There are 2 protein chains.
Amino acid sequence: MRKGEATRGRILTEAGRLAAVNGLFNTSLGDVADCCGLSKSGLFKHFDCKEAMQEAVLMDACDRFVAFVWVPVQHLPSGRARLEAIFERQLDWETVENAAGGCLIMSSAVELDDRPGPLRDKLHDRLQQWRRVLTREMMALSDPPLDYQVAKMAAFEMNSFLLGHASAGRFMGDGDAREAARAAFRRLLDRTERAD
Amino acid sequence: MRKGEATRGRILTEAGRLAAVNGLFNTSLGDVADCCGLSKSGLFKHFDCKEAMQEAVLMDACDRFVAFVWVPVQHLPSGRARLEAIFERQLDWETVENAAGGCLIMSSAVELDDRPGPLRDKLHDRLQQWRRVLTREMMALSDPPLDYQVAKMAAFEMNSFLLGHASAGRFMGDGDAREAARAAFRRLLDRTERAD
DNA sequence: ATGGAAAAAGCACGATCGGTTTCTTTTTGT
DNA sequence: ACAAAAAGAAACCGATCGTGCTTTTTCCAT
């Protein structure tokens, strides 16, 4: 009852890699099986149906995101240092960690944006939760805390720069994308702190 | 030799609509045919193969984008007024014009970001061309023109806010997304003008 | 350690669907 | 009315999802 968990984990990461490249709905069970060195049905026994696998893959990607971006910055005190660390980790997340295919969460959000269903709902919840975290962190940028609306706006801009980075860097092949996003974010923090 | 052109146009718009919802690679010929009231093979005669249809659909979307966003602002003088009009039109493009499925160009960029091939190349060219236009417009924000690097940075931020708007508004269902993007963009123009 | 239960993986199959071709029928423009 | 274009019908082949049934591996109790 322990080997199964291991291969299940392998399936999730491998399927995640494939889904990041080909899209969540464009990854066949056969491809995943080949990629894991399993047979189609050997793989299939780990999930109830294809949608269950997609959901597991997506949730696993969310978990890995949290582990990669959030956990390492938890020890930092709330405020500018932690925000900059989050931003930096998230830049890394789109480049190093997901070298091939970009961020599965982002591409799935685009894929699911008009496909109602449990998958969409689950991802929606996780993303909204993350947005709340960012807004809260943004409020902690000054003491006394920033106004909620101001922090929400700043979180919107922060997220926009990350999306801009992914777009410019990944698809457009712009080598300066990382620096551009970083600079835009620093200026955002500067003026948000100043406005207090 | 004239009816064919008409139905070909109908196919492109209908297929574009479907592709915006299901993804460019997840739209089957059968679905498109049904949606157009054609038979699979009747539809197929309009293109050499499926990839040719995908390319035609994507290029048609790009043409419609230019007609919707760029053409109506051409009569305005370069500068702030034109930039604001462009931004506003692009916000509209993501909501009104593409009510179901969001912007095909954006979702295709995500889908194609790791699929080398003629499709990716053609879209890449069109998007880079548009980025150049935006940078040029941004330079015209002040007289004498802004430094190229400064304008490029501003164009990056402008594009980021549009992506942020699409993400927050479409997938996250945030009703304030439009206002947030607009406000962020106004502030961007303000400080870019001021920095001169 | 070892034998047997339970889990994991393999094999083969059926049904379906997707892109493509060929051939035929309808429609269109002159 | 006739040639050419446009659309339809039927079928092919390959890939894919999902399902038994069988075989191997793992693990635990004796």
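Thresholds applied
- Residues numbered from 1 in each chain as written.
- Chains lettered and ligands numbered in written order.
- Predicted model: local features only at pLDDT ≥ 70, side-chain atom pairs only at ≥ 80, totals over all residues.
- Helix = DSSP H or I, 4+ residues; strand = E, 2+ residues; numbered from the N terminus.
- Buried ≥ 20, exposed ≤ 12 C-beta atoms within 10 Å, placed from the backbone.
- Contact = placed C-beta atoms within 7 Å.
- Expected span 1.5 Å × (residues − 1).
- Arc of directions from axis to C-beta.
- Core = buried A, V, L, I, M, F, W, Y, C linked by C-beta atoms within 7 Å.
- Least-squares fit on C-alpha atoms with pLDDT ≥ 70 in both.
- Axes fitted to C-alpha atoms, helices over the stretch in contact; angles between N-to-C directions.
- Parallel < 35°, antiparallel > 145°, perpendicular 65-115°, else oblique.
- Left-handed = near helix turned anticlockwise from the far one by under 90°.
- Nonpolar A, V, L, I, M, F, W, Y, C, P; charged D, E, K, R; others polar.

Tell me about the overall build of chain A, and name the residues and values.
Across its full length, chain A carries 9 helices and 0 strands. Along its sequence from the N terminus, chain A presents helices and strands in the succession α-α-α-α-α-α-α-α-α. The principal-axis extents of the C-alpha atoms in chain A amount to approximately 60 × 35 × 30 Å. The proportion of buried residues among the 196 residues of chain A is 39%. Within chain A, contacts between residues separated by at least 24 positions form 57% of all contacts whose residues are at least 6 apart in sequence.

Lay out the interface of chain A and chain B in plain terms, naming residues and giving numbers.
Each partner contributes to the interface: chain A provides 31 residues, whereas chain B provides 31 residues. Breaking the side of chain A that touches chain B down by element, the ones donating at least two residues are α6 (104–112), α7 (118–139), α8 (148–171) and α9 (177–195) of chain A. Examining the composition of the side of chain A that touches chain B, we find that 12 residues originate from one element, α8 of chain A, more than from any other.

Which residues make up α9 of chain A, and what are the values?
All names here are of chain A. With 19 residues, α9 extends 27 Å between its outermost C-alpha atoms, agreeing within 8% with the 27 Å of an ideal straight helix rising 1.5 Å per residue. Within the span of α9, buried status applies to Ala177, Ala180, Ala181, Ala184, Phe185, Leu188 and Thr192. The buried residues of α9 occupy an angular sector of 125 degrees when the element is viewed end-on, so they sit on one face. The exposed residues of α9 that point more than 90 degrees off its buried face are Glu179, Asp190 and Arg194.

Now, about the nonpolar core: what can you tell me, with residues and values included?
Grouped together as the largest cluster of nonpolar side chains are 104 residues, with contacts concentrated most on Met158 of chain A together with Met158 of chain B. Contact partners of Met158 of chain A, with chain neighbours within four places excluded, come to Phe87, Leu134, Phe185 and Leu188 of chain A.

An account of unusual backbone geometry is requested, with residue identities and associated values reported.
Across the junction of Asp143 of chain A and Pro144 of chain A, the peptide omega takes the value 10 degrees, indicating a cis bond. Tracing the backbone shows Pro144 of chain A in the loop between α7 and α8.

Please set out the relation of the copies chain A and chain B residue by residue, giving values where relevant.
Mapping chain A onto chain B calls for a screw motion: a turn of 180 degrees about the axis and a shift of 0.0 Å along it, with 0.1 Å RMSD after fitting. The transformation just described matches what one would write down for a two-fold rotation axis. Nearest to the rotation axis, the C-alpha of Ser160 of chain A is located 2.4 Å from it, this being the minimum over chain A. A shared interface surface links the copies, since 100% of the contact residues of chain A are contact residues in chain B too.

Pulling in residues and values, what's your account of the environment of Tyr148 of chain B?
Considering the arrangement of structural elements, one finds Tyr148 of chain B in helix α8 (residues 148–171). Taking the C-alpha atoms as reference points, Tyr148 of chain B and Thr135 of chain B, separated by 13 residues in sequence, lie 7.7 Å from one another.

Before we move on, could you go through the packing of helix α6 (residues 104–112) of chain B against helix α7 (residues 118–139) of chain B and cite the residues and values that matter?
The relative placement of two packed helices is expressed as an angle between their axes plus a distance between the axes. Residues and elements named next belong to chain B. Their axes nearest at 10 Å, the elements α6 and α7 cross at an angle of 130 degrees. By the angle class used here, α6 and α7 are oblique. Relative to α7, α6 is oriented so that their crossing is left-handed. When α6 is examined against α7, the residues Ser108, Ala109 and Leu112 are found in contact with a partner set consisting of Leu119, Arg120, Leu123 and Leu127. For the contact of α6 with α7, the per-class residue count stands at 5 nonpolar, 1 polar and 1 charged.

Any details on the environment of Pro77 of chain B? Residues and values, ideally.
Residue and element names in this part refer to chain B. Considering the arrangement of structural elements, one finds Pro77 in the loop between α4 (50–70) and α5 (80–97). Taking the number of C-beta atoms within 10 Å as the measure of exposure, Pro77 has 8 and is therefore exposed. In the structure, Pro77 is positioned 63 residues away from Ala140 in sequence and 9.5 Å away in space, judged by C-alpha atoms.

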